[in-house]
Amino acid sequence: MKTVRLSLRTLLIGVIGFLTYTNLFASNVVVSPNGNLALEFNLSSDGMPIYNLSFKGSEVVKTSKLGLRFTNVDDMTSGFTFVKADTSSFDETWTPVWGEESEIRNHYNSLFVTLKQPANEHIMQIEFRVFDDGMGFRYVFPEQPKLDYMYIKEECSEFAMTGDHIAYWIPGDYDTQEYEYTVCLLSKIREKYEAVLELDNASTTPISPTCVQTALTMKTSEGLYLNIHEAALIDYSCMHLTLDEKTLTFTSTLTPDGTGMMGYIQAPCVTPWRTVIVSENAAGILASRITLNLNEPCKIEDTSWIKPFKYMGIWWEMISGKGTWAYTNDYPSVKLGYTDYNKCTPNGTHSANTANAKRYIDFASEHGFHHLLIEGWNIGWEDWVGDWKEDVFDFVTPYPDFDLEEVLAYAKAHDVELIMHHETSGSTRNYERRLDTAYQFMVDHGYHSVKSGYVGPMIPRGFHHYDQWCNNHYLYCVTKAADYKICVNAHEATRPTGICRTYPNLVGNESARGTEYEAFQGNSPHHTLTLPFTRLIGGPMDYTPGIFDLYIQNENRKPGSPRVSTTLTKQLALYVTMYSPIQMAADLPENYAKHLDAFQFIKDVAVDWQKSLYLEAEPAEYLTIARKEKGGERWFIGGITAENARHSRFALDFLDKGVKYEATIYRDGDKADYETNPLDYKIEKKIVTSKSKLDIALARSGGFAISIVPIADKK
Ligand code: NOJ
Ligand code: CA
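What counts as what
- Residues numbered from 1 in each chain as written.
- Chains lettered and ligands numbered in written order.
- Predicted model: local features only at pLDDT ≥ 70, side-chain atom pairs only at ≥ 80, totals over all residues.
- Heavy atoms only, no water.
- Near = heavy atom within 4 Å.
- Polar contact = N/O pair within 3.5 Å; in protein donor to acceptor, adjacent residues only side chain to side chain.
- Areas by Shrake-Rupley, 256 points an atom, 1.4 Å probe, with all protein chains shown as cover.
- Helix = DSSP H or I, 4+ residues; strand = E, 2+ residues; numbered from the N terminus.
- Buried < 20%, exposed > 50% of the residue type's maximum accessible area, 1.4 Å probe, protein only.
- Arc of directions from axis to C-beta.
- Donors = N, O, S within 2.8 Å, 3.2 Å for Na, K, Ca; no water.
- Tetrahedral: all angles 85-135°; square planar, octahedral: opposite > 155°, others 65-115°.
- Contact = heavy atoms within 4.5 Å.

## Let's talk about the site of ligand 1
Then, number 1: What surrounds ligand 1 is a group of 14 residues, the closest being Trp315, Glu375, Glu423, Lys451 and Glu516.
Then, number 2: Interatomic distance of 2.9 Å between a side-chain N/O atom of Trp315 and an oxygen atom of ligand 1.
Then, number 3: Take Glu492: an N or O atom from its side chain is 2.9 Å from an oxygen atom of ligand 1.
Then, number 4: Here ligand 1 loses 96% of its free accessible area of 300 Å² to cover by the protein chains.

Below, the structure is given as C-alpha cells:
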C-alpha cells in the first residue's frame, strides 16, 4: 500500500493547513487503491486534528477540523500530541444476502492515528478508510485508565467545501425526513429554507436555516459529484450538517435526546463512520458501496429465511382517504382494556375487514403476489396520534370485523402470506414492553415480516426520532426480530446507514417522503430522481410505487386534492430505479384490473439482483438503470425523467453476445404528459441482442420500463 509521509504534494497541501492553522505538527497521507483519492491527516500546532481530501490532485474537502466536545470530560478538539499512525490495506469480496448486485468488493487503504492529550492522558484514535470511490472516518476510544464515560456536547467533524456547489438537500430535522428536495447552490440554502418547511407531518423539529440532512449530494462547478453521509449509525445519534455560508464548511450537528444530550458513550467504543463519496459522474454515486462496506459483516448465522418479496396491501385505501384504519366513529378516544368495540357502531369504512382481506388475497394470489400487508387490523386506530398516550396499540387484538383466523386460513389456502403491521405512534416504550408478545404472536400465526411505523412525537417525551436512544430502539427491534426470524420494514425510523449488511432482516425503511405524499400534498416530478442519489445511499427505501389511478379518484377525495405527479409508465420504472428488496404494488386491485397489460411489468419484475448498471444518471433530472435478476437471465430496465421530456438512448451491449431476447417495452404514449395525459402509454415487443440500441421518448415526468427475456426461456 502507498502511504506517503510528507511527499511534495502533501507539503503543498500542508501549506494550506499552515495558512489556516499556523503550523503542522504531524502529517500522514493515505491514498485509495487506484491512487485517485488522497486523504491527509495533520495535527495543527495547537494539537487540533485536521484532514483534507483530494481527488486526482485537486482538493474536494479542504482542511477540516475533527474532534468532539463533552460535558463531563475535557474537549477532544485540540491539545493532542501524535502517538503513532498505523497503515494497512484490505481487499475482500463479500456476498450480500440480497442487494443490487450479488458480490461486493470492499477494497481500501487505511490510516489509523493515535492521539493523546498529555494534560489528562486521554487517548483518541481516528480511523480513515480510503476507497477508490470515497472515504470514511470514525473516532475510536480504546480502553484506557483515565477515560471512561463521555457525555457528548457536540461533534466537531467538519467538511469544508471547495466552492459554492449545487446541493440536493432537505432541511435538517430531528424527527422527520419526509420533505421535498430542493436543488440550489450552497449559498442559497438559507433563502430557500422557509419554503421547504411547509410540511404537514405529525412530528417535525427543524433545526436551523442552514442545517441539512444526509445523505447530501452535491455537484461542483467542475462537474464532480460528492455525497456526505454516515455508515453504521449504532449506539449514537444521527448526524446533520450545518453550513457556515462564509467558509462553505459543514459541521456535524448531532440529534439531542430528551435531556438535551447529544450522546453518551463509554470507552472502549467507536462512533459511526462519516463518509464522503467522490465521483466524476453521477452514476458513480449510485454505484458506490462504501456505506455497506463500512458496516460489519452479517451477524445472522442462518439467513435462509430472509427473502426479498413483492407485496400488495390494504393500505392505499386509507392513505387516499377511501377507507379508514379505524373501525368506528363513535369514540373520540379509546383506551386499551376499557374500550368495548362490541358496543359501538362500525363506521362502514374500515378497510381491514374479513371480506375485503379475502378480496385482496384473491387478487394477489391470481397475479402471483405471495405477500399481503393488512393495516388497520388491530384495535386502537380511532385515537392513534395527536395525544400523549403510552399504550396506543397492543399489537395482538383484531377488530371485531377482522376474523384473523379465517383470513389467515384463506391466505394460506391461496399461497399468500400476511405481513404484520405495527404502528407504534412513536410510543417506543409501549412497543418495547410488548415486543416479545407481539413477535411471538406473529410466529404463532405464520407471519415472517412486519411493517412498523413511528408516526408522531416520541415517548419517552422530548426524545427525537433520530436521537441515540431511539436509534438503539430501532436496532433493538431488528435484532430481536432476527431471534424470531422476522424481517422488518420500519417507517419513520432513522434513515439507513448500511446496517442491513450486518442485519439483513432489516429489509426496508421509509425514512423519506414516500408515495403516500402523492395523496397528501403531492410529490414533485423530480422527487424520485433525487432520492436514489440521497436517501437511498444508506439503504433501500420502501417507496411503495405502482399507483395506476393517477387522479386518485374516490368518493371521499375533495376537489383540488393533489394527485400523482407522474405518468403511468414512470410508476412502472420506479420498480427498477428505486432499489428495494421488498417492493409494493401499492394501488387497489380494481385499479390494476383496468390496466392488466401494464400491470404485467409489476408482476414480472425481479426484486433481487445479480448486477446493476447505471446507464444514464443526473440527480433531479434523469435516471436509467438496467438490472439483471439474481439466479436468472432476465434483465429489467427502468428510465425516468423529471419535469423535462427527453429521449433516453442507450445500447444493450451488456446482454450476452449471440443470445436473442424478447424485450417488452412499456413507455409513455406519444401524447403522454404527467399533467394533461398521464394514462397514455404504449406496450411494444421487439427482438433485441447485445448489438441493439434503444431510443425511447419520455414525457414530462414520464418513464419507461423494459423486461428483457432470452427467447429460449420463453414458454
Ligand atoms: C405512515 C406510514 O408511512 C404509512 O405507510 C402507514 O400507512 C401509516 N403511517 C400508518 O401506520
Ligand atoms: Ca411515512
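## Focus on unusual backbone geometry
Keep in mind that most residues, glycine aside, have a negative phi and that most peptide bonds are trans.
Then, number 1: Backbone torsion omega between Ala267 and Pro268 reads 0 degrees, so that peptide bond is classified as cis.
Then, number 2: Turning to its location among the elements, Pro268 is positioned in the loop between β20 (263-266) and β21 (269-270).
Then, number 3: Here the amide bond leading from Ile459 into Pro460 is cis, since omega sits at 15 degrees, within 30 degrees of zero.
Then, number 4: Examined against the element boundaries, Pro460 turns out to sit in the loop between β26 (449-453) and α9 (468-483).
Then, number 5: In this structure, Asp235 is a non-glycine residue whose phi angle is positive, near 55 degrees.
Then, number 6: Within the secondary structure, Asp235 sits in the loop between β17 (225-231) and β18 (239-244).
Then, number 7: Asp235 gets classed as partly exposed once you look at its relative accessible area, which sits at 39%.

## Some words on helix α14 (residues 596-604)
Then, number 1: Among the residues of α14, Ala598, Phe599, Phe601 and Ile602 are the ones counted as buried. Projected down its long axis, α14 carries its buried residues within an arc of 140 degrees, all on one side.

## Regarding the coordination of the calcium ion (ligand 2)
Then, number 1: Protein coordination at the calcium ion (ligand 2) comes from Glu178 (OE), Glu492 (OE), Glu510 (OE), Glu510 (OE) and Glu516 (OE), with a distance range of 2.2 to 2.7 Å.
Then, number 2: Viewed at the metal, the six donor atoms of the calcium ion (ligand 2) are separated by angles of 50 to 168 degrees, and the geometry they form is irregular.
Then, number 3: Here the donor residues of the calcium ion (ligand 2) share one chain and are spaced in sequence as E-x313-E-x17-E-x5-E. Note that Glu178 is positioned in the loop between β13 (166-169) and β14 (182-185) and Glu516 in helix α10 (residues 516-519), a separation of 338 residues in sequence. Grouping residues by exposure puts Glu178 and Glu516 together as buried.

## What to know about the environment of Asp200
Then, number 1: Counting through the fold element by element, Asp200 comes out in the loop between α2 (189-196) and β15 (211-213).
Then, number 2: According to the relative accessible area criterion, Asp200 is exposed, its value standing at 61%.
Then, number 3: A sequence separation of 400 residues divides Asp200 from Gln600, and the C-alpha atoms of the two residues are 35 Å apart.
Then, number 4: Apart from the residues lying within four places of it in its own chain, the contact partners of Asp200 are Tyr517 and Gln521.

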